[in-house]
Amino acid sequence: MLILVKFLRILRTIQLTGKLKDTKLINILRTFSKEEMKQFEKFVASPYFHSGKNCMPLLKQLQKFYPGFDNEKLTYKNIHKKLYPGKK
């Protein structure tokens, strides 16, 4: 549960502009092996650890950039557009 709490705290610290590739969240996800990423996905999806926020859509978007997370499209704006189409 501690990792989910940290995950949510990191999400709150991401700036509205700029690249995500240098955030703590991305630096942590970058260290995950494929198996660890699968386990983390199961952990985030588990209803036992939900804190009222559904982080799966965000994780799914970030996984598209795994393992390097070095694509120029990895910005807050692009992720926001995918998660909330039509909203600014």
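Right above here is the structure, for reference.
Position labels on residues start from 1 in each chain and follow its written sequence. Local features in a predicted model are, by the rule used here, given only for residues with pLDDT of at least 70; side-chain atom pairs are given and counted only at 80 or more, and totals for whole chains, interfaces and linings are based on all residues. To get the side-chain values, take all heavy atoms of the structure and skip hydrogens and water.

### What to know about the overall build of the protein
In this description a helix means any DSSP run of H or I spanning at least four residues, a strand means any run of E spanning at least two, and both kinds are numbered starting from the N terminus. From N to C terminus, the protein includes five helices and zero strands. Scanning the protein from its N terminus toward the C terminus, one meets helices and strands in the order α-α-α-α-α. Expressed as a percentage of its 88 residues, the buried residues of the protein come to 34%. Pairs of residues are marked as contacts when any of their non-hydrogen atoms sit within 4.5 Å. For the protein, restricting intrachain contacts to residue pairs at least 6 apart in sequence, the fraction spanning at least 24 positions comes to 57%. Only the protein chains shown count as cover for residues, and the accessible areas themselves come from Shrake-Rupley with a 1.4 Å probe. Carbon and sulfur atoms make up 57% of the accessible area of the protein, which amounts to about 6,300 Å² in all. Type-normalised accessible area, obtained with a 1.4 Å probe on protein chains alone, sets the label of each residue: buried when under 20%, exposed when over 50%, and partly exposed for intermediate values.

### Remarks on the packing of helix H3 (residues 34–45) against helix H4 (residues 56–63)
To get an axis, fit a line to the C-alpha atoms, keeping to the stretch in contact for a helix; angles then go from 0 to 180 degrees between the N-to-C directions. One can describe the packing of H3 onto H4 by two numbers: an axis separation of 10 Å at closest approach and a directional angle of 160°. In terms of their interaxial angle, H3 and H4 are classed as roughly antiparallel. Of the two possible hands of crossing, H3 and H4 adopt the one that is left-handed. Across the interface between the two elements, Met 37, Phe 40, Glu 41, Val 44 and Ala 45 from H3 touch Met 56, Leu 59, Lys 60 and Gln 63 from H4. Nonpolar residues are Ala, Val, Leu, Ile, Met, Phe, Trp, Tyr, Cys and Pro. Charged residues are Asp, Glu, Lys and Arg, and all others, Gly as well, are polar. Residue classes in the contact of H3 with H4 are distributed as six nonpolar, one polar and two charged. Orientation labels follow simple angle bins: below 35 degrees gives roughly parallel, above 145 gives roughly antiparallel, 65 to 115 gives roughly perpendicular, and whatever is left gives oblique. Each crossing gets its handedness from the near helix: less than a right angle anticlockwise from the far helix is left-handed, clockwise is right-handed.

### Description of the packing of aromatic side chains
When the centres of two rings from Phe, Tyr and Trp lie within 6.5 Å, Trp using its six-membered ring, the rings pair. Their planes under 30 degrees apart give stacked, over 60 give edge-to-face, and anything left gives tilted. With the rule as written, the count across this model stands at three aromatic pairs. Centre to centre, the rings of Tyr 66 and Phe 69 are 6.1 Å apart; their planes meet at 75°, and the pair counts as edge-to-face. A connected cluster of aromatic rings, assembled from ring pairs, spans Phe 32, Phe 40 and Phe 43.

### What to know about the packing of H4 against helix H5 (residues 76–83)
Relative orientation and spacing of two packed helices are given, respectively, by the angle between their axes and the distance between those axes. As a packed pair, H4 and H5 sit with axes 10 Å apart at the nearest point and diverge in direction by 125°. As far as their axial angle goes, H5 and H4 are oblique. Where H4 crosses over H5, the handedness of that crossing is right-handed. On H5, the residues touching Pro 57, Leu 58, Gln 61 and Leu 62 of H4 are Ile 79, Lys 82 and Leu 83. Of the residues belonging to the contact of H4 with H5, the class tally is five nonpolar, one polar and one charged.

### Overview of the pattern of salt bridges
The working definition used for a salt bridge is a side-chain nitrogen of Lys or Arg within 4 Å of a carboxyl oxygen of Asp or Glu. Evaluation of the coordinates by the stated rule reveals one salt bridge. Among the salt bridges present, the one from Glu 41 reaches Lys 60, with a minimum N-O distance of 2.5 Å. Here Glu 41, found in helix H3, pairs with Lys 60, found in helix H4; they are 19 residues apart in sequence, far enough to count as distant. Take Glu 41: its relative accessible area is 21%, and that puts it in the partly exposed class.

This is a description of form; function is not addressed.
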